[in-house]
Amino acid sequence: MELDPDDVFRDDDEESDNEFYQEHEATKEYVVYLVDASPKMFSTTCPAEDQTDETHFHIAVSCIAQSLKTQIINRLYDEVAICFFNTRKKKNLQDLNGVFVFNVAEREQLDRPTARFIKEFDHIEESFEKEIGSQYGIVSGSRENSLYNALWVAQGLLRKGSSKTADKRILLFTNEDDPFGSIKGAAKNDMTRTTMQRAKDAQDLGISIELLPLSPPDEEFKVSHFYADMIGLEGDDLALFMPSAGQKLEDMKDQLRKRMFSKRIVKRISFIIANGLSIELNTYALIRPTVPGAITWLDSVTNHPLKTERSFICADTGALMQEPAKRFQPYKGENIKFSVQELSEIKRVSTGHLRLHGFKPLSYLKDYHNLRPSTFVFPSDKEVVGSTCIFIALHRSMLRLNRFAVAFYGNPSNPRLVALVAQDEIVRAGGQVEPPGMHMIYLPYSDDIRPVEELHSDTDAVPRASDDEVKKAAALMKRIDLKDFSVCQFANPSLQRHYAVLQALALEEDDMPEIKDETVPDEEGMARPGVVKAVEEFKLSVYGDNYDEEGDVKVSEASRKRKAATENAAKECANYDWADLADKGKLKEMTVQELKLYLMAHNLSTTGRKETLISRILTHMGK
Amino acid sequence: MARTREALLLLLDVSPSMHSVLPDVEKLCSRLIQKKLIYGKNHEVGVILFGTEETENELTKEVGGYEHVKVLQDIKVVDGHLVQSLKHLPQGTCAGDFLDAIVVGVDMLIKKYGETYKGKKHLCLITDALCPLKDPDVGTKEDQVSTIARQMVAFGLRMKNIVVRASLSGEPHMRVIIENDNLLNIFSKKSSAKTLFVDSTTSLRGARKTRDISPVTIFRGDLELSEKMKIKVWVYKKTGEEKFPTLKKYSDKAPSTDKFATHEVKVDYEYKSVEDPSKVVPPEQRIKGYRYGPQVVPISSAEWEAVKFKPEKSVKLLGFTDASNILRHYYMKDVNLFIAEPGNSRATVAVSALARAMKEMNKVAIVRCVWRQGQQSVVVGVLTPNVSEKINIPDSFYFNVLPFAEDVREFQFPSFSKFPVSWQPNEQQQEAADNLVKMLDLAPSGKGEILQPELTPNPALERFYHHLELKSEHQDAAPPPLDDSLKKITEPDPTLLAESQSAIDAFCGQFVIKENPKLKKSTRRFLREKPSGSDEPNGDGSVSDAQAVNSMESKPVVTVDKIGDLTPIQDFEAMMSRRDCPDWVDKAIEDMKNKIFGLLENSNEGINYPKAVELLVALRKGCILEQEPKQFNDVLEKVCKICRKRNFSTFFDFLMSKKLSLISKSEAVDSDITDDEAGSFIVKSQPKHED
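Cut-offs applied
- Residues numbered from 1 in each chain as written.
- Chains lettered and ligands numbered in written order.
- Predicted model: local features only at pLDDT ≥ 70, side-chain atom pairs only at ≥ 80, totals over all residues.
- UniProt positions renumbered as here; feature names shortened; annotations may be inferred.
- Helix = DSSP H or I, 4+ residues; strand = E, 2+ residues; numbered from the N terminus.
- Buried ≥ 20, exposed ≤ 12 C-beta atoms within 10 Å, placed from the backbone.
- Contact = placed C-beta atoms within 7 Å.
- Pairing = 2+ DSSP bridges.
- Axes fitted to C-alpha atoms, helices over the stretch in contact; angles between N-to-C directions.
- Nonpolar A, V, L, I, M, F, W, Y, C, P; charged D, E, K, R; others polar.
- Expected span 1.5 Å × (residues − 1).
- Arc of directions from axis to C-beta.

The name that an unreviewed UniProt entry assigns to chain B is ATP-dependent DNA helicase 2 subunit KU80, with the source organism given as Citrus sinensis. Reading the Subcellular location (unreviewed entry) entry of the UniProt record for chain B gives the comment "Nucleus".

With an unreviewed UniProt entry as reference, chain A is termed X-ray repair cross-complementing protein 6, source organism Citrus sinensis.

This is the structure we're talking about:
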């Protein structure tokens, strides 16, 4: 484990915070993407938004590329392999026909994705025909069964690691709902049976097989033809599996993407309702800030990783010591000592469960009652049968009565009051936009809320907008309306940039990629005459016609002083020949006050010791 | 520093009607002082009690009057003794006149500081305002209040009034209450005083912030609606989590006789090469490596500086959208407040116009913010209107950070409607739930809101400070239990529960919960705590546990280990396809054989024949699949022998109709039967009718 000193310097509290943001990553995931590369994948297209058609193969490949990029950022230890079937060429350990395992140098077939892997996979479509080739692998008259082979290869790839410590998954992308449709008679049954057996073998080994079907706009992917049995779908599940045929391409991509992730439970908690009645809930972290990964210190000479060693030194005696078990707080002129156990005991004000207090109307949950990202809770009948039923009943009542629940969440690291807000399921275009369940919102305590509104309150009445001004503002709002705005439609430009730079450096590319910042305002839209006019009218109504942006502002005493000082410094500074002084090394002989004149005149920071100031001056002069 | 200087005068009502809440007042005040001892060592505090038996203040000496007002402590820098004296407030015997106390307090502050003092000057009044006030010598009480309020404004005094009305049971002095509340209102209107009514001891404990953090803007500049239209705004933090104080590590190395020992611990870091631990690398020789997959990419800070994302400081409007587009649970962080630049009336009007229009049309604004120059990231957030109800507080916006695409995990969950019927609440259950949600009401109309976040103290922090104080007296004091007022935060209030007992009972009666009987004990343990190491000695046990859990995810998979009577064919297939041990195939075939013979033996007039033939077909299929032709051929021959012996001629007809024969070489390489032999088998083995 590499230790980041920034991490080490944090106190207990922040460590427990870290815990909150960290997901439970006890298990890792091994995934084999199994992509059908039959000519049908290339010939069937879906109309994309920009009027060009996209092939199913392209959709599958771009979904995988997308997920690899997310994975390399988010889930470092998961391993993947990409495997095409129905190919002309073959490349696999078992040397089976029609199966091609895609890989790059310096990487095992099932391994963590590397920069090169992602990059080459990005260009797979250009080289596909030449390097791999597409060809139907199941044709009548031959006993060849490429789907069977593909499953076998995938199973072989997933042989490594134990199913106890890793989730093993095969994700199968295809648009052929009846893979043995071209075969007749006994041979068909035979192939179906052997393929099923192959799939079952894999499943017996703890590998889950998931189907990601692609369907052309006017046809339905009939899971019942073949795949239903293989992936174990029955009755209602079957109907649920393919919500509707002919969805828009974007929706299909969206669904594929969502299905590629497996859910991870953060914690299982019990929710105590009353009278000893308590139900079982799972919590999930659906929203957590993604941050650039932790840094690893390297030796700049060898580029080899370094490990950080911490040693504790007694400030009084200078003796080396073990990590101290006690902490202290100076108080009333004494050092009050606490043991680590005592501190955690203090925080344990309640059992680690969620305890219901009661309900309040939703209007009591203010916009400022927020501290950290919410946590999603969903019922589970795994241990306590009946939990889901109670949860659904409460969920419905809360939605119907527009109320939220207040509960105390006795999380040992940070016990808090929480609001449980019921969220109804939202389904759009066949895909789930919001799952049904409750969101746990962490409420602030009184000392966490600051009365800043009143900070500048006067005894006099403050100006308010008139009806006309409000009307103008409303007109403006109608003009600049983001109709289909959805939260999280923007990629984080800083993170994108971070990883683009990393990728470029990892691949030793010279050009730094340009990342489009999606968060900047839509200049074009803002320049539309209707918008410009609405803005002008609003401006006129609230500012009047002779508004001087700066004129209305009282310049504060301090800033005026600062300005005067800078001007003065600029004047004084001109009295010295700085370049000459620097060349002769005479800066050291000058006083700090004199040095500061230069710094102030050039708008540089004036903090630090004399040596720092001198070096700052020299840097500024370019010496 | 003058900025952090602060003077606080506590005006505490100790008259008889306050006695029941005095313990909580004591705790609130001690906490206040304790935090000052840690965070604001040079703050100054004074305490005035009123409603006391004795009278002790300067004004009574100078001008007379002001009885039953006792200065417990003059204004001075906080010290530990003050915490002690606040722990046991004397119980007063007389009615408390809060106006007298305020006058005494204002007089003390003015005398001590005059107009020149730069720090903040606060008064904090805690009373129940139940006692009638004395009439002034001249003019009305209202006039008197106005005069005091003017004085307070002139000297920059701020006041916070906390009015405790814990138990308003059959209050006889309605007139007094109305009059007193009215007077307090005048204070709020005419000076920067704030009055807060609390109705429980829990709320009382949270009513006064125990730590004042001087607010700092995180942004001052333009809110850009467009290139042409900008509004000057300031941005403050509205919420911020109060953390546990950072404790220092304690070193016990210094001898106990050393009075000047700091007992601090210095933490030193050394960087050593992973390959060669004896090699120490000086800190300046390190370079940061960033992970990208399995690779670690070294990037110097200068290099990074050149390529990193550098947005310009700005706050820009992206547009407006319907409030319903932004669900509450997307709020990511603590909240900020956008207010128009103070003193800038036109900006205030602009913000006010937008806020009011947003509220009217149910819209919110989406903005992109870079708070500081040099900041490396941008935030996209939502502005929601905060329309002020008080005329002296300007309208403003709350700002909440929204997630980026990378921050959201789009897990899918099953629809509730897709769950089995047994998991769906029926009508009575739903009604009971509706009733519970209605009855267990924390915001009953006509009464105050229970557990309002603004008035709820942090129980863990309260406990820490309580413990700190106990430890300052006895080093070994154990962590104290939560007192009753704090328990009402961590546990539901028993009185409230009692009020809605019928709804709770009805609810509990409607639903049945039980432990899942299917789970083995060991599995449950697995559920509770994931094993930390995978290589546990009890390998076998944990494998089956893991499997049990896996199978729970989809549908229970029953592993078959013998052929039953109900579904022999399915059982056989299941056994044949088991891959955990090669013996299963043999066992399946053996079981199947016995089954078939059993059927034939016990067949009365051939009723079991169809079934036996079906099993034979299945066995044949399985033996071809597993390339075990001999097994099947032996069985078939044996069957034929039996039939010939017993003369089961109808059985042969069945065999014929199913075209059942030996497994030939073309079907399984191991077979020594040719296709012709197989074809003629049945005919040959049929018993001759002539016989």
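Structure shown, so let's carry the discussion forward.
(A) Examining the overall build of chain A more closely. A count of helical and extended segments in chain A gives 21 helices and 22 strands. Of all 623 residues assigned to chain A, the portion counted as buried reaches 39%. Summarising the internal contacts of chain A: among those between residues at least 6 apart in sequence, 68% fall at separations of at least 24.

(B) Representation of the sheet that holds strand 8 (residues 267-274) of chain A. Residues and elements named next belong to chain A. One closed barrel holds the 7 strands; their spatial order is 8-9-16-22-19-18-15, and the pairing between them is mixed. Strand after strand, the sheet turns through a mean of 40 degrees between neighbouring axes, direction not considered. Bridging between strand 15 (residues 354-361) and strand 18 (residues 403-409) involves 7 bridges; their strand directions are antiparallel. Along strand 18, the bridge assignment pairs leucine 356 with alanine 407.

(C) Structural detail: the UniProt feature "domain: Ku" (unreviewed entry) in chain B. Using the residue numbers shown here, the UniProt feature "domain: Ku" (unreviewed entry) corresponds to residues 278-419 of chain B. As annotated, residues 278-419 of chain B has a helix share of 17% and a strand share of 35%, and its two end C-alpha atoms lie 62 Å apart.

(D) Quick look at the interface of chain B and chain A. In this complex, chain B contributes 196 residues to the contact, which on the side of chain A involves 191 residues. The biggest single contributor to the side of chain B that touches chain A is helix 9 (residues 345-361) of chain B, with 12 residues. Tallied by class, the residues present in the side of chain B that touches chain A amount to 93 nonpolar, 49 polar and 54 charged. One ladder, built from 2 bridges, connects strand 17 (residues 384-385) of chain A with strand 19 (residues 514-515) of chain B; its direction is antiparallel. Its bridge partner being in strand 19 of chain B, Val384(A) is matched across the sheet by Glu515(B).

(E) Focus on the pairing of strand 22 (residues 437-442) of chain A. All names here are of chain A. Most of strand 22 sits inside the fold, with 6 of its 6 residues counted as buried. Of the pairings in the sheet, the one linking strand 16 (residues 375-379) to strand 22 comprises 3 bridges and is antiparallel in character. Residue pairing in the sheet places valine 377 in a bridge with methionine 438 of strand 22. Bridge count between strand 19 (residues 416-423) and strand 22: 6 bridges; the pairing is antiparallel. Bridge pairing in strand 22 places alanine 422 opposite methionine 438.

(F) Region of the structure containing helix 5 (residues 141-154) of chain B. Residue and element names in this part refer to chain B. Along its 14 residues, helix 5 runs 20 Å from first to last C-alpha, staying within 8% of the 20 Å computed at 1.5 Å per residue. Of all the residues in helix 5, the buried ones are Gln144, Val145, Ile148, Ala149 and Met152. End-on view of helix 5: buried residues confined to an arc of 135 degrees, all on one side of the axis. Within helix 5, the exposed residues directed more than 90 degrees away from the buried face are Asp143 and Ala154. Looking at the packing, one finds that the buried side of helix 5 touches helix 4 (98-113), strand 5 (157-164) and helix 6 (174-190). Following helix 5 by one or two positions, glycine 156 adopts a phi angle in the positive range, close to 65 degrees.

(G) Seen up close, helix 8 (residues 185-204) of chain A. All names here are of chain A. The terminal C-alpha atoms of helix 8 lie 29 Å apart, and with 20 residues this matches the ideal 28 Å at 1.5 Å per residue to within 8%. Residues of helix 8 that are buried include every one of Thr192, Thr195, Arg198, Ala199, Ala202 and Gln203, and no others. The buried residues of helix 8 occupy one face: seen down the axis, they fall within an arc of 140 degrees. Opposite its buried face, helix 8 presents the exposed residues Ala186 and Asn189, each directed more than 90 degrees away. For helix 8, the secondary structure elements touched by its buried residues are helix 7 (146-157), strand 6 (166-174), strand 7 (207-213) and helix 9 (227-231). Positive phi shows up at glycine 206, right after helix 8, with a value of about 85 degrees.

(H) Highlighting the sheet that holds strand 9 (residues 248-249) of chain B. Strand order in the open sheet made by the 3 strands is 14(A)-13(A)-9(B), with antiparallel pairing throughout. Each edge of the open sheet carries a strand with a single partner, namely strand 14 (334-339) of chain A together with strand 9 of chain B. As judged from the 2 bridges shared by strand 13 (residues 326-331) of chain A and strand 9 of chain B, these two strands associate in the antiparallel manner. The residue of strand 9 of chain B that forms the bridge with Arg327(A) is Lys249(B). Its contacts with the sheet put helix 11 (residues 459-473) of chain B on strand 13 and strand 14 of chain A, and the angle it makes with strand 14 of chain A is roughly 120 degrees.

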